[in-house]
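A closer look at the structure
One-letter residues, chain by chain:
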Amino acid sequence: MAAGPYRIPLSRPDIDDEDVQSVIEALRSLRLSLGPKLHEFEEALASFVGAPHAVAVSSGTAALHLSLLASGIGPGDEVLTTPFSFVASTSCIFYVGAQPVFVDIDEKTLNLDPSLLERALTSHTRAILPVHVFGRPCEMNALMNFAQRHQLEVIEDACEAIGSRFLGRSLGTFGRAGAFGFYPNKQMTMGEGGAIVTSDAGLADQCRSLRNHGSRATRDGRSYDRLGYNYRITELQCALGLSQLRRLPELMARRTEVASWYRDLLSDVEEIILPAPPASGVDWSCFAFVVRLGGDSDRPYRGRILQDLRTKGIECSDYFPAIHLLPFVRERLGSKPGDFPACEKVAARCIALPFSSSHTHEEVEQVAAALRASLAELPSCGDLRKRDV
Ligand SMILES: *Cc1c(COP(=O)(O)O)cnc(C)c1O
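Structure report, in brief. Here the structure is a predicted model, which is why all the values come from computation and not from measurement.

A few words on the pairing of strand E10 (residues 215-218). In terms of strand pairing, E10 meets strand E11 (residues 221-224) through 4 bridges, oriented antiparallel. If you follow Thr-218 over to E11, its bridge partner there is Gly-221.

Our focus in this paragraph is the environment of Ser-47. Considering the arrangement of structural elements, one finds Ser-47 in helix H2 (residues 36-49). Sequence-wise, Ser-47 and Arg-169 are 122 residues apart; in three dimensions their C-alpha atoms are separated by 12 Å.

Along the chain, Ser-85 falls in the loop between strand E2 (78-81) and helix H4 (88-95). At 2.7 Å, the side chain of Ser-85 and the side chain of Ser-89 are in polar contact. Ignoring sequence-local partners within four residues, the contact set of Ser-85 consists of Val-131, Phe-320, Pro-321 and Ile-323.

So, about the sheet that holds strand E7 (residues 169-170). Strand order in this open sheet of 3 strands is E7-E6-E13, and the pairing throughout is antiparallel. At either margin of the open sheet sits one strand with a lone partner, and together these are E7 and strand E13 (282-283). Where strand E6 (residues 165-166) meets E13, 2 bridges bridge the pair, whose relative direction is antiparallel. Bridged to Phe-166 within E13 is Val-282.

This part is about the pattern of salt bridges. Enumeration over the complete set of coordinates arrives at 19 salt bridges. Asp-77 serves as the salt-bridge partner of Arg-126, at 3.1 Å between the closest nitrogen and oxygen. Highlighted residues: Arg-126 in strand E4 (residues 125-129) and Asp-77 in the loop between helix H3 (60-70) and E2, separated in sequence by 49 residues. What makes Arg-126 partly exposed here is its relative accessible area of 28%. The buried category is assigned to Asp-77, whose relative accessible area is 11%. Glu-107 is the partner of Lys-345 in a salt bridge, and the nearest nitrogen-oxygen pair spans 3.2 Å.

Rules behind the numbers
Residues numbered from 1 in each chain as written. Predicted model: local features only at pLDDT ≥ 70, side-chain atom pairs only at ≥ 80, totals over all residues. Heavy atoms only, no water. Pairing = 2+ DSSP bridges. Helix = DSSP H or I, 4+ residues; strand = E, 2+ residues; numbered from the N terminus. Polar contact = N/O pair within 3.5 Å; in protein donor to acceptor, adjacent residues only side chain to side chain. Contact = heavy atoms within 4.5 Å. Salt bridge = Lys/Arg side-chain N within 4 Å of Asp/Glu carboxyl O. Buried < 20%, exposed > 50% of the residue type's maximum accessible area, 1.4 Å probe, protein only.

Here you go:
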């Protein structure tokens, strides 16, 4: 990420001396796994999001996997979810042998459109797995009402949304379980890492057992009662997580500022659509800065613009590709182009620009100027000016 051939990286972890010092101390303690830092991190995270329990694991994907397992989702069950996300929110449904059933998105928020849930419902539907894409909260009132009406479990993929709130309540705390991820491009990082938050003590216990080979502490040692995994996280990672969590308000504020620089510098560019500002009652902890090309048929232009920016030393990305069109998903579900038009339209036009709490104003200026130049240099980009959103 930070390393590589690009002058301006897509993302960059924000590590200060305090972070470094915390990891060194953990290393020197010689307690490297299942130690005090794990418990301290879990307590601090639970308190930050306002959840009674947090269970730290080795990745966001592991957190999703265990959330589904511990909620009893398995073979024969259908899980309603979004096709516009990082692939892990769908992979975890396959891990437990359940069937993802996609629901198209709202083009404004890029999140699953709750008004489309009804038509995807079958007698096998057991759960909803909403993703708060780029940190922007899903419409949780409508979603939770629907879930209650149909007695569905809600497992939130809040991996991009640490610090975001919907009507004052932290994302990840609405459903039976919420999953966070702490990969180096997230708002805060543990190098690798993730966590489950829940108000269900039994579910938290089950996740603690499942992350450590299905074991539980007994009077004279450990017993292995069920099939488990090794999803443990090291004390070094938890020390980093604790330090980053202390800095999170500052890191979030910086991200909001970087996003506002982009908005100021790009607001008059006709060819692109900026992310819609957050609705009222929503606190958006921004994970990525993703713009969209306007116009109708722009797949070829998008590829050329990405290429052009990369040639100029600016790392950028096309996320997210539509999950229902990934080869392994098509093979399993028989999904095809045209199934989820809003998702496909958005997925073909997104450009994720370099973004993190440590990107400077100068870098953002360079990116904005390069993007303007790329759009101007490509003659066929004229078509993009027909705005339609
Ligand atoms: C980052 C992320 C995850 C978890 O990713 P890991 O690499 O397993 O930590 C899951 N879902 C979404 C939407 C993500 O962005």
